[in-house]
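Chain residues, written in single-letter form:
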Amino acid sequence: MESNRSRFPFPFQPYPIQESFMEALYTALDQGKVGIFESPTGTGKSLSLICGALTWLRDYEEQKKQEAAKLLDGPEKKCDAVKENSTSRTSEPDWVSEFVQKKAERDIVNKLKDEELKRKKREERLEMIRHNAQLRYAMKRKASEEDEAVKLLQLSKEGAESETHNPEEEGLIVAEYESDDEATPKTRLCDEDDDEDLEEDHVTKIYYCSRTHSQLAQFVHEVQKSPYGAAVRLVNLGSRQNLCINPEVVRLGNVQMMNDRCLEMQKNKHEKQEKASDSERKRQRGFAKATCPFSGFESLMAMRDEVLVKVRDVEQLLQHGRETHTCPYYSTRMAIPAAQVVVLPYQSLLHASTRKASGIKLKDQIVIIDEAHNLTDTISAIHSTEISGAQLCRAHSQLSQYCERYRSRLKAKNLMYIKQILFVLEGLVRTLGGKVGQNPNTQSCQPGSELLTINDFLFKAQVDNINLFKVQKYFEKSMISQKLFGFVEKYEGSGVNTHSGSKNKESRRIEGLGRFLQTLQNKPTDVSEQQMAVEDKPIMASPMMLVESFLFALTNANKDGRVVIQRQACLSQCSLKFLLLNAAVHFAQIIQECRAVIIAGGTMQPVADFKEQLLFSAGVTEDHILEFSCGHVIPPENILPIVLCAGPSGQQLEFTFQTRDTPQMMEETGRVLSNLCNIVPGGVVCFFPSYEYEKRILGHWESTGVLQRLESKKKIFQEPKKASQVEQVLSDYSKCIQRCSNAGGGQTGALLFSVVGGKMSEGINFSDDLGRCIVMVGMPYPNIKSPELQEKMAYLDKNMPHVGGKSPGKALIENLCMKAVNQSIGRAIRHRGDYACIVLCDHRYARSGTLQKLPEWIQSSTHTPTTFGPAFASIRRFFLEKRQRPPL
């Protein structure tokens, strides 16, 4: 015990299960395995991950340092070994052996000296920053304010002096594309593309990712409170939507539009730096292009260093960025190489192109994926993509106008690929039943849907003769999507080519583009409310980026994906959607590059399909997987899980699609809840399988007086439809329970109606009186009639082994249901002294195969009485005992 405490620094005496967790984690990292770790919420999983992983990293760095010092202190010993090895080769002349020996000696010593020098320089730099941060911060802030004032004054002067003129368009034209194998564009988009030679070496680090920014913020706060909080170099990554401080970009709201605008500003900044002298710029007298005032190189470098010496969450990064007038988005990315821990959302890690754009390198690094219960679905969702008819037509129109305007300045190879992209776009629009070159809002289509394999879709679009791999490479190398963005930004809205005195053919084309793009944005007045909702979605300034993403998806293997063609009455509302069926093909890249991968969650059960679909399919062998699952820190008597097979009147509880809508079933459910509300103190959280069923059953209860009876015992709250209202509802729910607890009287607490998979089934903590009883009404099976789900089932049946005589497709349905159940019932029991009752209202939960899919700590305590009487008696006894003997 004592050795464990000294090995794993912890802010308090850890529970035995936490020590076991950290030991298993250390082993997985040290042996380079894929670890599956299940630790219920409330058992200190985050802290165990932090202390276990950082202890391993500390030991690993110390080991490397000792090895380097040993070799540097005694390089002659190493050289003697080299000499002994070389002299054994008696067939070689002495001068050859001597040369080889000396060269080996020099190489070893030089390499070690370089590594040691880099390490010392990094430590010296960080130490210097720690001592001088406050002084430099004050000086830098003052200097930054003065510099920005001068810049703004200069910009205003340049803007006043500018007149109507055609700004240089060199940046809008794609560079010469010399060959398919080796194309090097002559212009670069922004500072992110600097030579790799100048890039700092990446130290061994831990990439920690989770599902939401609030979960990441919680993890960062745990790091700050841990024994490693003062010394660890942690970088918190986020999207521009979370980290941008430029008001002009932030006001756009939509993340894709923010990305487009930021990249355009970086491009303008790069072009501005490459311009000639000020006098030459004045002679050109063009419009001043907007650049970002928060991306000065020196400021970014300074904030990068400050980020590394103090652990900050996103809010603290934003505050620091505003105070120092420096971009947190780019400065955090610049800090990645020297960081020991990088905290980032799922998308930034699980998507290859996003990793590359962010500067993330996984080679021989550690990856920890937390809240990973839905990892397979998350990877599939990230790599699935959808594009509308309006966006396809918009992209075709933009690229056509671009091609016409710059035809004489584009090289043959560029023209060839642009023509290919236009041809592909025509084919994609044709599959929706429309034509390019016409307003998509006025084109009618035959409603319906179709699901095709990738190859069948390419045949249907008549683009099977196009090499999409080469087209994708052209997109990446030429940056045509970004060039097109700059072109559209320049001419959209102005409509005409203002630098010319007369409207020639070229300017009329641009005017046509402006008018056409305007029609795509203007919403017709005679559309239905549903159509209005679709139209209200912002159309990104560069739909070609979506086209690029969709075409990239089509390069997946034919068996790994499907394309859904969804036709509506109007072409603009039709869509093409790519569905990824095999998530393992993308996860395999992460597995192959990393030293070790840890997949953690509060409820990872059922884990069999997870291993089969994601790990084995990615090439991971059973002996390379380390599984760890621990119980809860609460004593067994603090939880009472019950499968309720029948209601108070003896009606069997079975919420199938055929029986759940019957008045008898809805009334029996009301009687169950009424009885529970009579004996359960504090808060009761009731989960329904869908929003539709919640609406139906609550409507029935209101008409039959059930809601009034429930209201007499518990104040009723309902999960809001808008995510922005969740916090307010939870606050009111909490205050009501506290008020009832203090005041006494008729109402004994509150009843919260929620939905499985909704806003309150994940990430919300119903600890203590907020969740004394969790009620699960029915089994939340997914919609088996969904074409996407049917295709996924068919794929699994064809490609995965059949276990226990059950098809993988049917197993998927059951596992999706039970994963959702486990997430919802896991909202209760948040700490050692907490207690709660979990009521599963459906006799099907009593099946042995279903019970085995519950978390072990719940499964081992589950009771399955066949009638309501004994179940009700045990629940009453449970809460009476808790009232008489309060938990420690």
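- The name given to the chain in an unreviewed UniProt entry is ATP-dependent DNA helicase DDX11, with Onychostoma macrolepis as the source organism.
- The annotation that UniProt attaches to the chain under Cofactor (unreviewed entry) is "[4Fe-4S] cluster".
- Turning to the chain, the UniProt annotation filed under Catalytic activity (unreviewed entry) states: "ATP + H2O = ADP + phosphate + H(+)".

Considerations on the overall build of the chain
(1) Moving on: Secondary structure summary: the chain contains 35 helices and 17 strands in total.
(2) Moving on: Sequence-distant contacts, at least 24 apart, represent 80% of the contacts inside the chain between residues at least 6 apart.

Section: the sheet that holds strand 2 (residues 206-210)
(1) Moving on: One open sheet holds the 7 strands; their spatial order is 3-4-2-5-10-1-11, and the pairing between them is parallel. Looking at the sheet topology across the chains shown, the edges are occupied by strand 3 (234-236) and strand 11 (625-629). In this sheet, neighbouring strand axes are inclined to one another by 15° on average, regardless of whether the strands run parallel or antiparallel.
(2) Moving on: Two elements, strand 2 and strand 4 (residues 341-345), share 5 bridges in a ladder whose sense is parallel. Bridging from a neighbouring strand, C209 pairs with L344 of strand 4.
(3) Moving on: Of the strands in this sheet, strand 1 (34-38), strand 5 (366-369) and strand 10 (596-601) are in contact with helix 25 (residues 584-593), which crosses strand 10 at around 125°.

Let's talk about the packing of helix 31 (residues 787-799) against helix 32 (residues 808-825)
(1) Moving on: Two elements in contact, helix 31 and helix 32, have axes separated by 7 Å at closest approach and are oriented at 130°. Classified by the angle their axes make, helix 31 and helix 32 are oblique. Contacts from L789, K792, M793, L796 and D797 in helix 31 reach P808, G809, K810, L812, I813 and L816 in helix 32.
(2) Moving on: Partitioning the contact of helix 31 with helix 32 into residue classes produces 7 nonpolar, 1 polar and 3 charged.

Description of the pairing of strand 1
(1) Moving on: Among the 5 residues of strand 1, 5 are classified as buried, and the element is accordingly described as predominantly covered.
(2) Moving on: Here strand 1 shows two buried faces, one formed by V34, I36 and E38 and the other by G35 and F37.
(3) Moving on: Note that strand 1 and strand 11 share 5 bridges and pair parallel. When the bridges of strand 11 are listed, F37 appears paired with F628.
(4) Moving on: Examined bridge by bridge, strand 1 and strand 10 share 5 bridges and lie parallel to one another.

Describing the confidence of the model for the chain
The predicted coordinates of low-pLDDT regions are not to be read in fine detail.
(1) Moving on: Of all residues in the chain, 76% attain a pLDDT of 70 or more, and the chain-wide mean is 79.
(2) Moving on: Taken element by element, the predicted model of the chain shows its lowest mean pLDDT in helix 23 (residues 529-536) (34) and its highest in strand 5 (93).
(3) Moving on: Across residues 86-90, where pLDDT falls below 50, the model places 4 contacts with residues more than four positions away in sequence or in other chains.
(4) Moving on: In the predicted structure, residues 155-167 sits below a pLDDT of 50 and forms 20 contacts with residues beyond four places in sequence or in another chain.

Looking at the nonpolar core
(1) Moving on: Residues I369, L375, F587 and I599 are the most contacted members of the largest nonpolar core, which totals 57 residues.
(2) Moving on: By size, the runner-up hydrophobic cluster in this structure holds 49 residues, among which are I387, I454, L468 and F487.

Points about helix 26 (residues 608-615)
Along an α-helix, a turn takes 3.6 residues, which lines up residues three or four apart on a common side.
(1) Moving on: The buried count for helix 26 comes to 6 of 8 residues, which makes it a mostly enclosed element.
(2) Moving on: When helix 26 is considered as a whole, its buried residues turn out to be D609, F610, K611, Q613, L614 and L615.

Section: the packing of helix 18 (residues 412-431) against helix 19 (residues 454-461)
(1) Moving on: Put simply, helix 18 and helix 19 touch, their axes get as near as 8 Å, and they point 100° apart. On the basis of their axis angle, the class for helix 18 and helix 19 is roughly perpendicular. Residues G427, L428, R430 and T431 of helix 18 lie in contact with helix 19, whose contacting residues are F457, K460 and A461.

Focus: the pattern of salt bridges
(1) Moving on: Under the counting rule described, the total for this entry stands at 19 salt bridges.
(2) Moving on: Among the salt bridges present, the one from K460 reaches E450, with a minimum N-O distance of 3.7 Å. Residue K460 is found in helix 19, and its partner E450 is found in strand 7 (residues 448-453); the two are separated by 10 residues along the sequence.

Description of the packing of aromatic side chains
(1) Moving on: With the rule as written, the count across this model stands at 21 aromatic pairs.
(2) Moving on: Seen from their ring centres, Y835 and F879 are 6.4 Å apart, and the 55° between their planes marks the pair as tilted. Taken together, the residues Y835 in the loop between helix 32 and strand 17 (836-841) and F879 in helix 35 (residues 868-884) connect sequence positions 44 residues apart. Pair check on accessibility: Y835 and F879 agree, each one buried.
(3) Moving on: Through a chain of ring-to-ring contacts, three or more aromatic side chains come together here, namely F688, Y693, W701 and F753.

Overview of the environment of F628
(1) Moving on: Inspection of the secondary structure puts F628 in strand 11.
(2) Moving on: Relative accessible area serves as the criterion here: at 14%, F628 is assigned to the buried category.
(3) Moving on: Along the chain, F628 and I36 lie 592 residues apart, while their C-alpha atoms are 6.2 Å from each other.
(4) Moving on: With residues near it in sequence (within four places) discarded, F628 still touches I17, S20, F21, A24, I36, F37 and E38.

Describing unusual backbone geometry
(1) Moving on: In this model, D364 sits at a positive phi of 60°, which is unusual for a non-glycine residue.
(2) Moving on: Relative to the elements of secondary structure, D364 occurs in the loop between helix 15 (352-358) and strand 5.
(3) Moving on: On the basis of relative accessibility, which here comes to 47%, the residue D364 falls in the partly exposed class.
(4) Moving on: In this structure, E371 takes a positive phi of about 50° despite not being glycine.
(5) Moving on: One can find E371 in the loop between strand 5 and helix 16 (375-383).

Notes on the sheet that holds strand 12 (residues 639-644)
(1) Moving on: Read across the sheet, 6 strands follow the order 12-17-16-13-15-14 without closing on themselves; strand pairing throughout is parallel. Either end of the sheet is taken by a strand with one partner, and the two such strands are strand 12 and strand 14 (714-718). Shown here is a sheet whose adjacent strand axes are inclined to one another by a mean of 15°, direction ignored.
(2) Moving on: As judged from the 7 bridges shared by strand 13 (residues 682-688) and strand 15 (residues 749-755), these two strands associate in the parallel manner. Looking at the pairing, F687 lines up with S754 of strand 15.
(3) Moving on: Strands strand 14 and strand 15 of the sheet are contacted by helix 29 (residues 706-713), whose axis makes an angle of about 115° with strand 14.

About the thresholds
- One numbering rule holds for all chains: residues counted from 1, following each sequence as written.
- Per-residue local features of the predicted model are confined to residues with pLDDT of at least 70, and side-chain atom pairs are confined, for both listing and counting, to 80 or more; whole-chain, interface and lining totals are unaffected and use all residues.
- Derived side-chain values reflect all non-hydrogen atoms in the structure, with water molecules and hydrogen atoms excluded from consideration.
- UniProt positions are given in the numbering used here, feature names are shortened, and annotations may be inferred rather than shown by experiment.
- Helix and strand definitions here come from DSSP, where helices need a minimum of 4 consecutive H or I residues and strands a minimum of 2 consecutive E residues; each element is numbered from the N-terminal end.
- Residues count as neighbours in contact if any of their non-hydrogen atoms are within 4.5 Å of one another.
- Pairing between strands is defined by DSSP: at least two bridges between the two strands are required.
- Simply put, an axis is a line fit to the C-alpha atoms, just over the touching stretch for a helix, and the angle between two N-to-C directions goes from 0 to 180 degrees.
- By the definition adopted for this analysis, an angle is roughly parallel if under 35 degrees, roughly antiparallel if over 145, roughly perpendicular if from 65 to 115, and oblique otherwise.
- Polar here means any residue other than Ala, Val, Leu, Ile, Met, Phe, Trp, Tyr, Cys and Pro, which are nonpolar, and Asp, Glu, Lys and Arg, which are charged; Gly is therefore polar.
- Here the term buried applies to any residue with accessible area under 20% of the maximum for its type, exposed to any over 50%, and partly exposed to those in between, with areas from a 1.4 Å probe on protein chains only.
- The pLDDT value expresses, per residue, how confident the predictor is, ranging between 0 and 100.
- To form a nonpolar core, buried Ala, Val, Leu, Ile, Met, Phe, Trp, Tyr and Cys residues must be joined to one another through side-chain atoms within 4.5 Å.
- Criterion for a salt bridge: a side-chain nitrogen of Lys or Arg within 4 Å of a carboxyl oxygen of Asp or Glu.
- Between the rings of Phe, Tyr and Trp (Trp by its six-membered ring), a pair exists once the centres lie within 6.5 Å; its type follows the angle of the planes, with under 30 degrees stacked, over 60 edge-to-face, and the other angles tilted.

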